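Structure at a glance
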Amino acid sequence: MIEQYARVVEVQGLSVRVLTERQAGCQSCDVKGGCGTSLIGRLFPQRPQQLLDLSAEPLKSVPRPGDRVLIGIDEQHLQQAGLLLYATPLAGLLLGAVCGATLGAAMGAQAQEPMSIISGLLGLSLGLLHVKKRSAARSCTPEGPVRLLRVEPATFEVTLPGMPEHKTRRDV
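The shown structure was predicted, so the numbers you read here are calculated from the model rather than taken from an experiment. (Residues numbered from 1 in each chain as written. Predicted model: local features only at pLDDT ≥ 70, side-chain atom pairs only at ≥ 80, totals over all residues. Heavy atoms only, no water.)

1. Considering helix H2 (residues 75–107)
Along an α-helix, residues three or four positions apart point the same way, because every turn accommodates 3.6 residues. Under the 1.5 Å per step criterion, the end-to-end length of H2 is 47 Å for 33 residues, consistent within 8% with the ideal 48 Å. Remark: the principal bend of H2, roughly 30 degrees, maps to alanine 87, with a proline, proline 89, within the next four residues. (Helix = DSSP H or I, 4+ residues; strand = E, 2+ residues; numbered from the N terminus. Expected span 1.5 Å × (residues − 1). Bend = angle between axes of the 7 residues up to and from the residue.)

Listed below in structure tokens is the structure:
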């Protein structure tokens, strides 16, 4: 399971809207200046944070706005999505080019290369349309690949007369 922290922005019933938190560098450490990854990351513009709508059904209690939550995605789902995204258009391109070259060879030597190019681009386009259709169908399911794993309630400060200031967790 690949995990990341997010902040709850809005709660409506069992639907929770979260905003992902930015990370400096990789997840293996919090060193911002000790490795090349964070140095290279500063050269490129930052991506905007993502708002995600998730279901709070698997949790024991519904998080409140301001709570920090741990969200996760299964590695197998991520691998399947990567395979769909990269392999499908590539297979369409190659299959289209081979079919076009075969058809072009049957039509004559002059038509082989143009038919191969046109059929390859057609196969690539069909592969991309297939990816778009499949990914849209997967993202519309309420039990999508990203899940809420646990809630870490927001902390707040409490000051009591005659007592030093301290932080406490709100009851969940």
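Now that the structure is up, let's keep going.
2. Digging into the pattern of salt bridges
Taken as a whole and judged by the stated rule, the model has two salt bridges. In the salt-bridge network here, residues are joined through shared partners; they are Arg68, Arg150 and Glu152. (Salt bridge = Lys/Arg side-chain N within 4 Å of Asp/Glu carboxyl O.)

3. A short note on the pairing of strand E2 (residues 15–20)
Burial along E2 is one-sided: the face carrying Val16, Val18 and Thr20 is buried and the face carrying Ser15, Arg17 and Leu19 is not. As paired strands, strand E1 (residues 2–12) and E2 are joined by six bridges and run antiparallel to one another. Of the residues in E2, the one forming a bridge with arginine 7 is leucine 19. Taking the residues that link successive antiparallel strands as the turn, the E1-E2 hairpin has two residues, and the phi of glycine 13 there is positive, at about 65 degrees. Strand direction decides the pairing type here: E2 and strand E3 (residues 51–55), joined by five bridges, are antiparallel. Across the sheet, valine 16 pairs through a bridge with leucine 54, a residue of E3. (Buried < 20%, exposed > 50% of the residue type's maximum accessible area, 1.4 Å probe, protein only. Pairing = 2+ DSSP bridges.)

4. A few points about the sheet that holds E2
Strand order in the open sheet made by the five strands is E3-E2-E1-E4-E5, with antiparallel pairing throughout. The outermost strands of the open sheet, each flanked by one partner alone, are E3 and strand E5 (146–152). Each neighbouring strand pair of the sheet contributes to a mean axis angle of 45 degrees, computed without reference to strand direction. (Axes fitted to C-alpha atoms, helices over the stretch in contact; angles between N-to-C directions.)

5. Focus on the side chain of serine 119
Within the element layout of this structure, serine 119 appears in helix H3 (residues 112–139). For serine 119, the residues in contact, after removing those within four places along its chain, are Gly96, Ala97 and Gly100. (Contact = heavy atoms within 4.5 Å.)

6. Observations concerning the packing of aromatic side chains
Summed over the entire model, instances satisfying the criterion amount to zero aromatic pairs. Positioned above the aromatic ring of tyrosine 5, the side-chain terminus of arginine 68 is 3.8 Å from the ring centre. (Phe/Tyr/Trp six-rings, centres within 6.5 Å; stacked < 30°, edge-to-face > 60°. Lys NZ or Arg CZ within 6 Å of the ring centre and 35° of its normal.)

7. So, the nonpolar core
If you look at the biggest cluster of nonpolar residues, it comprises eleven residues: Ala6, Val8, Val16, Val18, Leu54, Ala56, Leu59, Val69, Ile71, Leu148 and Val151. Elements with a contribution of two residues or more to this core: E1, E2, strand E4 (68–73) and E5. The residues touching alanine 6, leaving out its near neighbours within four places in the chain, are Val18, Leu19, Thr20, Glu21, Asp67, Arg68, Val69 and Ile71. (Core = buried A, V, L, I, M, F, W, Y, C linked by side-chain atoms within 4.5 Å.)

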